[in-house]
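Notes for the structure review
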Amino acid sequence: MNWSDYEVTIPAVKTANELETLEQKLFGRKSGLITEALKGIKDVAPEKKKEFAADLNMWKKKLTILIDEKKKELLGADDGDSIDISLNLPKKERGHLHLIPEFIREVEEVFGRMGFDTAYGPEIETEEFNFNKLNIPADHPARDGQDTFWAKGVKNTVLRTHTSPVQIRYMQEHKPPFRMICPGKVYRKDSDATHSPMFHQFEGLMIGKNISLANLKAVLVTSLQELIGRKVEFRFRTGYFPFVEPGMEMDMMWQGDLSTSREGKWLEMGGCGMVHPNVLEGVGIDSKEWQGFAFGFGIERPLMIKHQIPDLRSFYEGDLRFLRQF
Ligand code: DAH
């Protein structure tokens, strides 16, 4: 085969593999035809050597260019390094927020649009804030109902049993009128399908001159409806909490999944009411001039209704089969 034949064969090549074979045949380091011919220069008769070498180098250049051009054409890459965009890589998994922080963000968003500020408080709380200032004195039976974790070796210190102490902290630092919500973790000695020793609540507080129970109802129904994302049935019952008067409990109905035995039953979402004058006076707010409502709701429970989750403990087990559903 003459070198000139390759001027025809190279451009006619159809695949990258074929081209590589041809390139090896010509330029392969061990026995490529061009490589061998170059090695042979030294054996050519001296008077012919120059011409032979020049001719060979001309072909070397020419064929290299042809191969490079063909490579570009076949592989579409400038430097001859190919990137095979047709290769099927495993799908990259994208994570997402856990249901609880996601819901907290939505709570902040929905209430934020209604003018509510977001506040946070400590999870290790003093007895003073967790109970006393909420009108729950030392001998008050309401303390027993809270199944409190007391700190060992630190006096008068608890893992907060509810987000209500943040109301007190907020009122001490702000002058009315104000509206705030406070999401966070709370702790109680409790564990079953609808209770966990650590769970989440969000507290709400709105203080002004003419705030009434009607405002409380409107704010709660509007916001929860939006947070659940569909129409849900609520009911208010009277309920006792020392820091509000009158006090109520709000229930939401399990709806949508006929397979759960709870369908059509009420699930308690939290408590609410008009802030007790003792609480207001305790933080230096004149209860004759100012009044308002407060509420404290679980976060897991509305989520259970929203997504038909029968057991609250699934939130914390970290089981990917559960987490991936949302
Ligand atoms: N802190 C109460 C609890 O956990 C719930 C609660 C009831 C909060 C009435 C309130 C309220 O702000 O007004 O059990």
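Small disclaimer: the values here were computed from a predicted structure and weren't measured.

**Some points on the domain arrangement of the protein chain**
Split into domains, the protein chain comes out as domain 1 (3–75) and domain 2 (99–323). Inter-centroid distance (C-alpha atoms) of domain 1 to domain 2 is 81 Å.

**Let's talk about the sheet that holds strand β8 (residues 266–275)**
The mixed open sheet is built from seven strands, whose spatial order is β1-β4-β5-β9-β8-β7-β6. Each having just a single partner strand, β1 (117–118) and β6 (234–238) make up the two edges of the open sheet. Packing against the sheet, helix α7 (residues 165–173) makes contact with β1, β4 (178–187), β5 (198–208) and β9 (291–298), and its axis sits at approximately 140 degrees to β4. Sheet contacts for helix α10 (residues 300–307): β5, β7 (244–253), β8 and β9; angle to β8, the most-contacted strand, approximately 140 degrees.

**Points about the packing of helix α5 (residues 99–113) against helix α8 (residues 213–228)**
At their nearest, the axes of α5 and α8 sit 10 Å apart, and the two run at 135 degrees to each other. The angle between the axes of α5 and α8 places the two elements in the oblique class. In this structure, the crossing between α5 and α8 has a hand that is right-handed. Residues Phe103, Glu106, Val107, Val110, Phe111 and Arg113 of α5 form the contact with α8, whose own contacting residues are Val219, Ser223, Glu226 and Leu227. Partitioned by chemical class, the residues of the contact of α5 with α8 number six nonpolar, one polar and three charged.

**Focus on the nonpolar core**
With 39 residues, the main nonpolar core has Phe111, Phe202, Phe293 and Phe295 as its most contacted residues. Elements with a contribution of two residues or more to this core: α5, β5, α8, β7, β8, β9 and α10. With seven residues, α5 is the single largest residue contributor to this core. Of all hydrophobic cores here, the second largest spans 23 residues; its members include Tyr170, Met171, Phe178 and Phe243.

**Quick look at the site of the ligand**
Taken together, 15 residues are adjacent to the ligand, and His162, Ser164, Gln167, Arg188 and Glu203 come closest. Measuring from a nitrogen atom of the ligand, one finds a side-chain N or O atom of Ser164 at 2.9 Å. One of the side-chain N or O atoms of Glu203 is found 2.6 Å from an oxygen atom in the ligand. In the complex, 94% of the free accessible area of the ligand, which totals 340 Å², lies under the protein chains. Of the pockets mapped on this structure, the ligand occupies the largest pocket. Classifying every residue of the shell around the ligand by side-chain character gives six nonpolar, seven polar and two charged.

**Describing the packing of aromatic side chains**
Applying the stated criterion across every chain yields a total of 14 aromatic pairs. Arranged with centres 6.4 Å apart and planes meeting at 25 degrees, the rings of Phe293 and Phe295 form a pair that is stacked. Each member of the pair Phe293 and Phe295 is classed as buried. Put simply, the rings of Phe111, Phe116, Phe202, Phe293, Phe295 and Phe297 pair up and form one aromatic cluster. Positioned above the aromatic ring of Trp59, the side-chain terminus of Lys62 is 5.0 Å from the ring centre. The cationic tip of Arg169 hangs over the ring face of Phe129; the distance from NZ or CZ to the ring centre is 4.2 Å.

**Here we look at the packing of helix α3 (residues 33–40) against helix α4 (residues 46–75)**
Taken N-terminus to C-terminus, the directions of α3 and α4 make an angle of 160 degrees; their axes are 10 Å apart at the nearest point. One finds that α3 runs roughly antiparallel with respect to α4. Crossing angle aside, the handedness with which α3 passes α4 is left-handed. When α3 is examined against α4, the residues Ile34, Ala37 and Leu38 are found in contact with a partner set consisting of Phe52, Leu56, Asn57, Lys60 and Leu63. Tallied by class, residues from the contact of α3 with α4 come to six nonpolar, one polar and one charged.

**Here we look at the layout of surface pockets**
Here the largest pocket is characterised by a volume of approximately 710 Å³. For the largest pocket, the lining is made up of 35 residues, of which Arg188, Gln201, Phe241, Glu268 and Gly270 are closest to its centre. Roughly 190 Å³ of internal volume is contained in the second largest pocket.

How each quantity is defined
All residue numbers refer to position in the chain's written sequence, counted from 1. In view of the model being predicted, local features appear only for residues whose pLDDT reaches at least 70, and side-chain atom pairs are presented and counted only at 80 or more, with totals across whole chains, interfaces and linings using the full set of residues. The side-chain figures draw on all heavy atoms in the structure; neither hydrogens nor water molecules are used. For the domains described, the bounds stem from an automatic or database domain assignment. Note on pairing: DSSP must find at least two bridges between two strands before they are called paired. Segments assigned H or I by DSSP are reported as helices when at least four residues long, segments assigned E as strands when at least two residues long, and all are numbered from the N terminus. Whether two residues touch is decided by their heavy atoms; if any such pair falls within 4.5 Å, the residues are in contact. Lines fitted to C-alpha atoms define the axes, with helix axes restricted to the stretch in contact, and inter-axis angles between N-to-C directions lie between 0 and 180 degrees. Should an angle fall under 35 degrees it is called roughly parallel, over 145 degrees roughly antiparallel, and 65 to 115 degrees roughly perpendicular, with every other angle called oblique. Whether a crossing is left-handed or right-handed is set by the direction in which the near helix is turned from the far one by less than a right angle, anticlockwise for left-handed and clockwise for right-handed. In the scheme used here, Gly and all other residues not listed as nonpolar or charged are polar, with Ala, Val, Leu, Ile, Met, Phe, Trp, Tyr, Cys and Pro taken as nonpolar and Asp, Glu, Lys and Arg as charged. Side-chain atoms within 4.5 Å are what join buried Ala, Val, Leu, Ile, Met, Phe, Trp, Tyr and Cys residues into a set we call a nonpolar core. Burial status follows relative accessibility: with a 1.4 Å probe on protein chains alone, a residue under 20% of its type maximum counts as buried, one over 50% as exposed, and anything between as partly exposed. Only a single heavy atom is needed: when it lies within 4 Å of a molecule or strand, its residue is near that molecule or strand. Pairs of N or O atoms are called polar contacts if they sit within 3.5 Å, as long as, within protein, a hydrogen donor faces a hydrogen acceptor (for residues adjacent in sequence, only side-chain-to-side-chain pairs). What sets the accessible areas is the Shrake-Rupley method with a 1.4 Å probe; for residues, cover comes only from the shown protein chains. Only protein atoms enter the 1 Å grid, on which a cavity is a set of points fitting a 1.4 Å probe that cannot get out and a pocket is an open set with protein on both sides within 12 Å along at least 5 of 7 lines, lining residues being those with an atom within 4 Å of a point. Cavity and pocket membership follows a simple rule, namely that a molecule belongs there if more than half of its atoms are within 2 Å of the grid points. Between the rings of Phe, Tyr and Trp (Trp by its six-membered ring), a pair exists once the centres lie within 6.5 Å; its type follows the angle of the planes, with under 30 degrees stacked, over 60 edge-to-face, and the other angles tilted. When the NZ atom of lysine or the CZ atom of arginine is within 6 Å of a ring's centre and also within 35 degrees of its normal, the charge is said to sit over that ring. Grid points are joined across faces, edges and corners, and a volume is the space filled by probe spheres set on the points.

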